[in-house]
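Residue-level listing of the chains:
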Amino acid sequence: MNTTRNRLIRILQEHETTHVSGQYLSAQLGISRAAVWKHMKALEADGYDIDAVPRKGYQVRRSPDKLSKNTLNWQLDTKWIGRKIVFEEELDSTQALAKTLADQGAVHGTVVIADQQTNGKGTKGRSWHSPSGTGIWMSLIIRPEFGPREAAQLTLAAAVAIARVFRKLEINANIKWPNDIYLNGKKLAGILTEMQAEQDYIQHIVLGIGININQAASEVAPDIRNKATSLHIETGKVWKRQELIHLIWKELEEVYALYTQSGFHVIRDEWMQFAFRIGHRVIATTPTAVMEAIFKGIGEDGELLLENDDGTLVHLYSAELEWKEK
């Protein structure tokens, strides 16, 4: 993002209860007052409500309810996630662009985010319906210090972070193994983790997150209406995506720090508290077999734990789950 614009947003945010003079902004930013005025016009074009008063200066009265580099930087309070933002009104896929940028050396914590995706990516090559103005479609570039073996655990940790955010908002979301967020029995969000690694070294991980926020029931793709939902459908509220994004970034940082400092066992314990339908019968489909068993949660490495009818535990690292209705 434009560094000067970033600094301007920070100053306006720090003085949001009063006007800030053009002269003060000019001196702080090292630019002319005419340049300050141009930056203000750019913010207004982005939807900011700016009160400009002669001899008093500028004050932001209201930030817009839309996504842009400017609005995503407004009131941003993270240490490393989102300090570099690549925003586009429309992208083929945030995941695809993030992987390209990661290959080109994009820094740890870079976020690629779009208002709309025309070819959003889900797991196992599935598409993700990503209409304009309704959801959170983003991909985070991570350059971890742990090895490839732990990469799959990062997906579980990210799911814990998102579930935490919803629970803090008094939304009773659950995690369906391994990478989906469910609300009232329907899919609300998905997480896609892709890695570039060499032997025991991870070059980068791209963590894709898609969350249905403000879709009405009629806007959910017809073929998934019985399986997918949105926050708006379930709560009847219209949600400010920018605020939710900030909450998610903040929680991702905290969970990532917990994981890297304390290990996966702490994350596992919390994941189990959020787990969707522990103790229910499931049909698990693997590349080589189909089995019916009881879902018992996840193991020490994050693998799926199933219990056969004879009481034996089965550990699976890859499977498709379908819940048996009682």
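Before going into details, it helps to say that this report is about the structure given with it. (Residues numbered from 1 in each chain as written. Predicted model: local features only at pLDDT ≥ 70, side-chain atom pairs only at ≥ 80, totals over all residues. Heavy atoms only, no water.)

### Here we look at the packing of aromatic side chains
Next, step 1: One pass over the structure, following the stated rule, counts eight aromatic pairs.
Next, step 2: Look at Tyr48 and Trp74: their rings are 5.7 Å apart centre to centre, the planes differ by 70°, and that puts the pair in the edge-to-face class. Placement of Tyr48 in the loop between α3 (33-45) and β1 (49-53) and of Trp74 in the loop between α4 (69-73) and β3 (85-91) is noted, with a sequence separation of 26 residues between them. Residues Tyr48 and Trp74 agree in their burial class; the two are buried.
Next, step 3: With a centroid separation of 4.8 Å and 45° between ring planes, the pair formed by Tyr182 and Phe276 is classed as tilted. Linking Tyr182 in strand β8 (residues 180-183) with Phe276 in the loop between α9 (264-274) and β11 (281-285), this pair joins segments that are 94 residues apart in sequence. The same class applies to Tyr182 as to Phe276, namely buried. (Phe/Tyr/Trp six-rings, centres within 6.5 Å; stacked < 30°, edge-to-face > 60°. Helix = DSSP H or I, 4+ residues; strand = E, 2+ residues; numbered from the N terminus. Buried < 20%, exposed > 50% of the residue type's maximum accessible area, 1.4 Å probe, protein only.)

### Brief notes about the pattern of salt bridges
Any two side chains of opposite charge can pair, on the condition that their charged atoms come close.
Next, step 1: Per the counting criterion, the structure on display carries 17 salt bridges.
Next, step 2: The partner of Arg61 in a salt bridge is Asp49, and the shortest N-O contact between them spans 3.2 Å. With a gap of twelve residues between them, Arg61 in strand β2 (residues 57-62) and Asp49 in strand β1 connect regions that are remote in the sequence.
Next, step 3: With its nearest N and O atoms 3.0 Å apart, the salt bridge here joins Asp115 to Arg241. Note that Asp115 is positioned in strand β4 (residues 111-121) and Arg241 in helix α8 (residues 241-262), a separation of 126 residues in sequence.
Next, step 4: A relative accessible area of 8% places Asp115 in the buried class. (Salt bridge = Lys/Arg side-chain N within 4 Å of Asp/Glu carboxyl O.)

### Looking at helix α6 (residues 151-168)
Next, step 1: Between its first and last C-alpha atoms α6 spans 26 Å; for 18 residues at 1.5 Å apiece the expected length is 26 Å, and the two agree.
Next, step 2: In terms of burial, α6 is a largely internal element, 15 of the 18 residues being buried.
Next, step 3: Phi turns positive one or two residues past the end of α6, at Glu170, with a value near 65°. (Expected span 1.5 Å × (residues − 1).)

### Some words on the sheet that holds strand β14 (residues 313-316)
Next, step 1: The strand order across the open sheet built from five strands is β14-β13-β12-β11-β15, with neighbouring strands paired in antiparallel fashion. Each having just a single partner strand, β14 and β15 (320-323) make up the two edges of the open sheet. Going across the sheet, the axis of each strand differs from the next one's by a mean of 45°, ignoring polarity.
Next, step 2: Pairing of β11 with strand β12 (residues 290-298), which is carried by five bridges, proceeds in the antiparallel orientation. Along β12, the bridge assignment pairs Val282 with Ala293.
Next, step 3: The strands touched by α9 are β12 and β13 (304-307); relative to β12, the strand with the most contacts, the crossing angle is about 110°. (Pairing = 2+ DSSP bridges. Axes fitted to C-alpha atoms, helices over the stretch in contact; angles between N-to-C directions. Contact = heavy atoms within 4.5 Å.)

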